[in-house]
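Observations on the model geometry
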Amino acid sequence: MTQLQETRRWVRLVIVNAEGELLLFADREEPQVQRWSVAGDVLLPEEDYPAAAMRILEQKTGLCCPLGPLLREHEGSDRPPTDSTLDVATTHWFERYFLVRCPDAVDITIDEEPGEQAEESQGDDHPAYRWWSLADLYKDTDNAFTPSWLPELLASVLVSEPPLPSSLSASV
């Protein structure tokens, strides 16, 4: 039999404010292990990456900030490299990470499921989102980041991207 493989295209947003903090969202599916990741979603049919990025930015955060450059491409598969089975359906994924610079650490509007609160902190134990400084990313060992190289990605952004003028503002 031949292997069945689907490729899913994802766009991820590296949203950074004027203070150099990275916006990360808590994964609520595994409450026993706090995991943090950038905003992102699968591209819709007939959608290109920039259009998907702007849609996701507005849907996930309510922000309207300009889309910056492509920072990184990342791909993989849900099939373990040691699995030599050819008749197993697998999913191949391809992600593009785009920079979004927001001039202010503005409040955002989380795209929530009906009945959920859209707040930065839903109690002390489970915040929905958080702005992380580079120092916080490197020193926090209680949380897991997806992908694990987010601190290095933010560091490269802060080194290569000049600060935004304070006269700019994000719209919510």
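Higher on the page you've got the structure.
Reading the values: rules and limits
Residue numbering note: each chain is counted from 1, following its sequence as written. Reporting in this predicted model follows two pLDDT cut-offs: at least 70 for local features of residues, and 80 or more for side-chain atom pairs to be given and counted; totals over whole chains, interfaces and linings ignore these cut-offs and use all residues. Only hydrogens and water are removed before side-chain values are computed, so all heavy atoms of the structure are retained for them. Runs of E in the DSSP output that reach at least two residues are strands. Runs of H or I that reach at least four are helices, and both are numbered from the N terminus. To estimate the expected span of a helix, count its residues, drop one, and scale the result by 1.5 Å. Burial status follows relative accessibility: with a 1.4 Å probe on protein chains alone, a residue under 20% of its type maximum counts as buried, one over 50% as exposed, and anything between as partly exposed. Under this definition, polar contacts are N or O atom pairs within 3.5 Å; protein pairs additionally need one hydrogen-donor-capable and one acceptor-capable atom, and for neighbouring residues in sequence, both atoms have to be side-chain atoms. Residue types Ala, Val, Leu, Ile, Met, Phe, Trp, Tyr and Cys, when buried and joined through side-chain atoms within 4.5 Å, form a set referred to as a nonpolar core. Residue contacts are defined here by distance: any two heavy atoms, one from each residue, within 4.5 Å place the two residues in contact. The arc under discussion is defined with respect to the helix axis, by the directions toward the C-beta atoms. When DSSP finds at least two bridges between two strands, those strands are taken to pair. Aromatic rings from Phe, Tyr and Trp, with only the six-membered ring used for Trp, were paired whenever their centres fell within 6.5 Å, and each pair was classed as stacked if the ring planes differed by under 30 degrees, edge-to-face if by over 60, and tilted otherwise.

**Examining helix 1 (residues 49-61)**
Over its 13 residues, helix 1 runs 18 Å from end to end, which matches the ideal 18 Å to within 8%, given 1.5 Å per residue. Turning to helix 1, its buried residues are Tyr49, Ala52, Ala53, Arg55, Ile56, Leu57 and Thr61. In this structure Asp48 caps helix 1, since a side-chain oxygen of it lies 2.8 Å from the backbone nitrogen of Ala51. Just past helix 1, the residue Gly62 takes up positive phi, approximately 80°.

**Side note on the nonpolar core**
Among the nonpolar cores identified, the biggest contains 22 residues, and Val11, Leu13, Ile15, Leu23, Leu57, Val100 and Tyr129 are the most heavily contacted of them. For this core, the leading source of residues is helix 1, giving 5 residues. In this structure Leu57 touches Leu13, Ile15, Gly62, Leu63, Cys65 and Val100, once residues within four positions along its chain are discounted. By size, the runner-up hydrophobic cluster in this structure holds 17 residues, among which are Val14, Ala26, Leu137 and Trp149.

**Focus: unusual backbone geometry**
Of note, the amide linkage connecting Thr146 to Pro147 takes the cis form, showing an omega dihedral of -5°. Here Pro147 is to be found in the loop between strand 8 (144-146) and helix 3 (150-160). With a phi close to 65°, Glu46 is a non-glycine residue in the positive phi region. Tracing the sequence through the fold places Glu46 in the loop between strand 4 (39-42) and helix 1.

**Quick word on helix 3**
Taken together, the buried positions of helix 3 are occupied by Leu150, Pro151, Leu153, Leu154 and Val157. With its buried residues spanning 160° around the axis, helix 3 presents them on a single face. Facing away from the buried surface of helix 3 by more than 90 degrees, the exposed residues are Val159 and Ser160.

**So, the pairing of strand 2 (residues 22-26)**
Within strand 2, 5 of the 5 residues are buried, leaving the element largely enclosed by the surrounding structure. Of the two faces of strand 2, the one carrying Leu22, Leu24 and Ala26 and the one carrying Leu23 and Phe25 are both buried. Strand direction decides the pairing type here: strand 2 and strand 7 (residues 129-132), joined by 4 bridges, are antiparallel. When the sheet's bridge partners are listed, Leu24 is paired in strand 7 with Arg130. Bridge analysis of strand 2 against strand 3 (residues 35-37) gives 2 bridges, and the strand direction is antiparallel. What sits directly across from Phe25, in strand 3, is Ser37.

**A look at the packing of aromatic side chains**
Scanning the model with the defined rule gives 5 aromatic pairs in all. Between Phe25 and Tyr129, the aromatic rings sit 6.4 Å apart at their centres with planes inclined by 45°, giving tilted as the arrangement. Pair noted here: Phe25 is in strand 2 and Tyr129 is in strand 7, with a separation of 104 residues, a long-range link. Phe25 sits in the buried class, given a relative accessible area of 13%. For Tyr129, a relative accessible area of 4% gives the class buried.

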